[in-house]
Amino acid sequence: MMAAPSRDEAWELFCEWTESVSLRRHVLGVEAAMAAYAERYGEDAELWAATGILHDLDYEKYPDLETGHPRVALQLFEERGYPEEMIDAIAGHAPYLGVPRETRMSRTLFAVDELSGFIAAVALVRPTGLEGMSPKSVKKKMKQPSFAAAVSRDDMRLGADELGEDFDQHLAFVIAALEPRAAELGLTGGVATGDAAAEA
């Protein structure tokens, strides 16, 4: 059995590679959703949490999707002997690599990655942040093409479909996973500036 990094080791490694506060918060949000789904599915929550943290390891340093992210990270994980399941999931979250998402972990990572970022963007423009957010308010923002325009609405829906989850229930589940960590994620509301909302 190849050694998987612990959640804390994954976080330490991510912070060595990444200075951006918004990117650090993004992977913590993905981690929260991954860990929640791992518990729901009876999977290894520590491994899923570490995968959520590490999926964007090389994004800040190697943002070019043609040659960089996530290829540099995948090579590092191979060299370190990280579990194949983790490497496969991180490859699968980048549709342009063409790696099929055949495991539950890879489908979950794809399903929560863009969605948790979008939920964070919605929270940043709400006075109460994540608190009291409903799937309805997220779907309303999805209908505004200019809001978080870089986030693919199709991918968010595809992710839920691949997981076999109802989209509204998937939304509610991810919101609930993020809510206890709202302060850590900078999503408590009342502090959003134009910059923060734009960055998300």
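Residues numbered from 1 in each chain as written. Predicted model: local features only at pLDDT ≥ 70, side-chain atom pairs only at ≥ 80, totals over all residues. Heavy atoms only, no water.

1. Points about the overall build of the chain
Here is step 1: For the chain, the helix and strand inventory stands at 11 helices and zero strands.
Here is step 2: Across the chain, helices and strands are ordered from the amino to the carboxyl terminus as α-α-α-α-α-α-α-α-α-α-α.
Here is step 3: Here the C-alpha coordinates of the chain stretch approximately 45 × 35 × 30 Å along the principal axes.
Here is step 4: Burial status across the chain gives 49% buried among its 200 residues.
Here is step 5: Carbon and sulfur atoms form 50% of the exposed surface of the chain, whose accessible area is close to 9400 Å².
Here is step 6: Separation of charge centres in the chain, based on 19 positive and 35 negative side chains, amounts to 9 Å. (Helix = DSSP H or I, 4+ residues; strand = E, 2+ residues; numbered from the N terminus. Buried < 20%, exposed > 50% of the residue type's maximum accessible area, 1.4 Å probe, protein only. Areas by Shrake-Rupley, 256 points an atom, 1.4 Å probe, with all protein chains shown as cover. Lys, Arg positive; Asp, Glu negative; His and termini not counted. Charge placed at Lys NZ, Arg CZ, Asp CG, Glu CD.)

2. Section: the confidence of the model for the chain
It should be kept in mind that the predicted coordinates are not to be read in detail where pLDDT is low.
Here is step 1: On average, residues of the chain carry a pLDDT of 93, and 94% of them reach 70 or more.
Here is step 2: Predicted confidence is poor over residues 192–200, with pLDDT under 50, and the contacts of this stretch with residues over four places away or in other chains come to eight contacts. (pLDDT = per-residue confidence, 0-100. Contact = heavy atoms within 4.5 Å.)

3. What about a negative patch on the surface?
Here is step 1: Taken together, the side chains of Glu 9, Glu 12, Glu 16, Glu 43, Asp 44, Glu 46 and Glu 85 define an acidic patch exposed on the protein surface.
Here is step 2: The greatest single-element share of the negative patch, amounting to three residues, is contributed by helix α1 (residues 7–17).
Here is step 3: Mapped onto the fold, Asp 44 is located in the loop between α2 (21–41) and α3 (45–54). (Patch = residues over 30% accessible without salt bridge, like charges linked within 9 Å, V, L, I, M, F, W, Y side chains within 5 Å. Salt bridge = Lys/Arg side-chain N within 4 Å of Asp/Glu carboxyl O.)

4. What to know about the packing of aromatic side chains
Here is step 1: All told, the structure shown has six aromatic pairs when counted by the stated rule.
Here is step 2: When the centroid spacing of 5.4 Å and the interplanar angle of 20° are considered together, the rings of Phe 77 and Tyr 82 count as stacked.
Here is step 3: Here Phe 77 falls in the buried class, since its relative accessible area comes to 0%.
Here is step 4: On the basis of relative accessible area, Tyr 82 is assigned to the buried category, the value being 7%.
Here is step 5: Taking 5.5 Å as the distance between ring centres and 85° as the angle between the ring planes, the aromatic pair formed by Phe 118 and Phe 147 counts as edge-to-face. Of this pair, Phe 118 sits in helix α6 (residues 104–124) while Phe 147 sits in the loop between α7 (135–142) and α8 (153–163); the two residues are 29 residues apart in sequence, bridging distant segments of the chain.
Here is step 6: Residue Phe 147 is classed as buried on the basis of its relative accessible area, which comes to 13%.
Here is step 7: Within the aromatic cluster, the residues linked to one another by ring pairs are Tyr 37, Tyr 41, Trp 48 and Phe 173.
Here is step 8: Sitting over the ring of Trp 17, Lys 61 keeps its end group 5.0 Å from the ring centre.
Here is step 9: Sitting over the ring of Phe 110, Arg 101 keeps its end group 3.5 Å from the ring centre. (Phe/Tyr/Trp six-rings, centres within 6.5 Å; stacked < 30°, edge-to-face > 60°. Lys NZ or Arg CZ within 6 Å of the ring centre and 35° of its normal.)

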